Amino acid sequence: SAVISQKPSRDICQRGTSLTIQCQVDSQVTMMFWYRQQPGQSLTLIATANQGSEATYESGFVIDKFPISRPNLTFSTLTVSNMSPEDSSIYLCSVTRVGLTYEQYFGPGTRLTVT
Amino acid sequence: GQQLNQSPQSMFIQEGEDVSMNCTSSSIFNTWLWYKQDPGEGPVLLIALYKAGELTSNGRLTAQFGITRKDSFLNISASIPSDVGIYFCAGQGSSNTGKLIFGQGTTLQVKP
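Rules used throughout
Residues numbered from 1 in each chain as written. Chains lettered and ligands numbered in written order. Predicted model: local features only at pLDDT ≥ 70, side-chain atom pairs only at ≥ 80, totals over all residues. Heavy atoms only, no water. Disulfide = S-S within 2.5 Å. Helix = DSSP H or I, 4+ residues; strand = E, 2+ residues; numbered from the N terminus. Buried < 20%, exposed > 50% of the residue type's maximum accessible area, 1.4 Å probe, protein only. Contact = heavy atoms within 4.5 Å. Pairing = 2+ DSSP bridges. pLDDT = per-residue confidence, 0-100. Core = buried A, V, L, I, M, F, W, Y, C linked by side-chain atoms within 4.5 Å.

**Remarks on the state of the cysteines**
- Scanning the entire structure with this criterion turns up two disulfides over all chains.
- Residue A:Cys23 pairs covalently with A:Cys93 via a disulfide, S to S 2.0 Å. Because the sign of the S-S torsion sets the handedness, a value of about 65 degrees for the bond joining A:Cys23 and A:Cys93 places this disulfide among the right-handed ones. In this pair, A:Cys23 sits in strand 3 (residues 19–25) while A:Cys93 sits in strand 9 (residues 89–97), placing the two residues 70 residues apart along the sequence. Across this residue pair, the class does not change: A:Cys23 and A:Cys93 are buried.
- Residue B:Cys23 pairs covalently with B:Cys89 via a disulfide, S to S 1.7 Å. Linking B:Cys23 and B:Cys89, the disulfide has an S-S dihedral of approximately -80 degrees and is accordingly described as left-handed. Linking B:Cys23 in strand 3 (residues 19–24) with B:Cys89 in strand 9 (residues 85–92), this pair joins segments that are 66 residues apart in sequence. The exposure classification of B:Cys23 matches that of B:Cys89, with both residues buried.
- In this structure A:Cys13 is a free cysteine whose sulfur lies 18 Å from that of A:Cys93, the closest cysteine sulfur available.

Listed below in structure tokens is the structure:
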């Protein structure tokens, strides 16, 4: 499977600030996704990161709050903007490999705490 | 929208016992995936299922894609302490966008 890294692994941020999370893959992948996992909960898809174009957001998530970039096939960023304590979650990126579109592989996650 | 109902929510078993968990939906799925998540880690893909009726094994794990395409189960045989974690089912619907819908998870605890 692809090796996926995320930075930072964890952070504690103040209310009203923004944090950018990076996702780097060691090989070219077809699709990249961003998920949120609130404490003790399952995973919820935030958006599909599209290379060179605007991300596709799921219902309940907007670009102003979660801007996403994907400048090439192996890198994407998710920004959590104007944070509030409700944004405290684990944020995960996932990828699908070329030829295995229906299998998603996840990064280790970024654990965000907003105070 | 599509939803997955995963059960049981949690299990506490003795080492050596077999475990079974399942996911059901009112909608048809084209792909079923089973993941395990350890504390502080991202989910790890265990088994992927692509065809109705498909039965696939990965070591002590066995998963099946239901005939109706609306359900899947995961069995773990002869559980060991390292099986502890949260198991998630995930499904892809007919839209073929690659997007996954996740079940609520089954927390497994194994008593040595």
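**A few points about the environment of A:Gly16**
All names here are of chain A.
- Examined against the element boundaries, glycine 16 turns out to sit in the loop between strand 2 (10–13) and strand 3.
- For glycine 16, a relative accessible area of 43% translates into the label partly exposed.
- In this structure, glycine 16 is in contact with Asn82 and Met83, ignoring residues within four places of it in sequence.

**Some remarks on the pairing of strand 4 (residues 31–37) of chain B**
All names here are of chain B.
- Burial within strand 4 is extensive, with seven of its seven residues counted as buried.
- Here strand 4 pairs with strand 5 (residues 44–49) via five bridges, running antiparallel. Note on strand 5: the bridge partner recorded for tryptophan 32 is leucine 49.
- Adjacent in sequence and paired antiparallel, strand 4 and strand 5 are bridged by six residues, among which glycine 40 carries a positive phi angle near 80 degrees.

**Thoughts on the confidence of the model for chain B**
- Mean pLDDT over chain B: 94, with 97% of residues reaching 70 or higher.
- Between the elements of chain B, mean pLDDT differs from a low of 94, seen in strand 10 (residues 101–102) of chain B, to a high of 98, seen in strand 8 (residues 71–76) of chain B.

**Some words on the nonpolar core**
- Counting residues in hydrophobic clusters, the biggest one holds 43 residues, and the most contacted among them are A:Trp34, A:Tyr35, B:Tyr35 and B:Phe102.
- Here this core takes six residues from strand 4 (residues 29–37) of chain A, the largest share from any one element.
- Beyond its immediate stretch of four places on either side in the chain, A:Tyr35 contacts A:Leu43, A:Thr44, A:Leu45, A:Ile46, A:Ile90, A:Tyr91, A:Leu92, A:Ser94, A:Gln104, A:Phe106, B:Leu100 and B:Phe102.
- The next biggest cluster of nonpolar side chains, apart from the first, holds 21 residues, and it includes B:Leu4, B:Phe29, B:Trp34 and B:Leu49.

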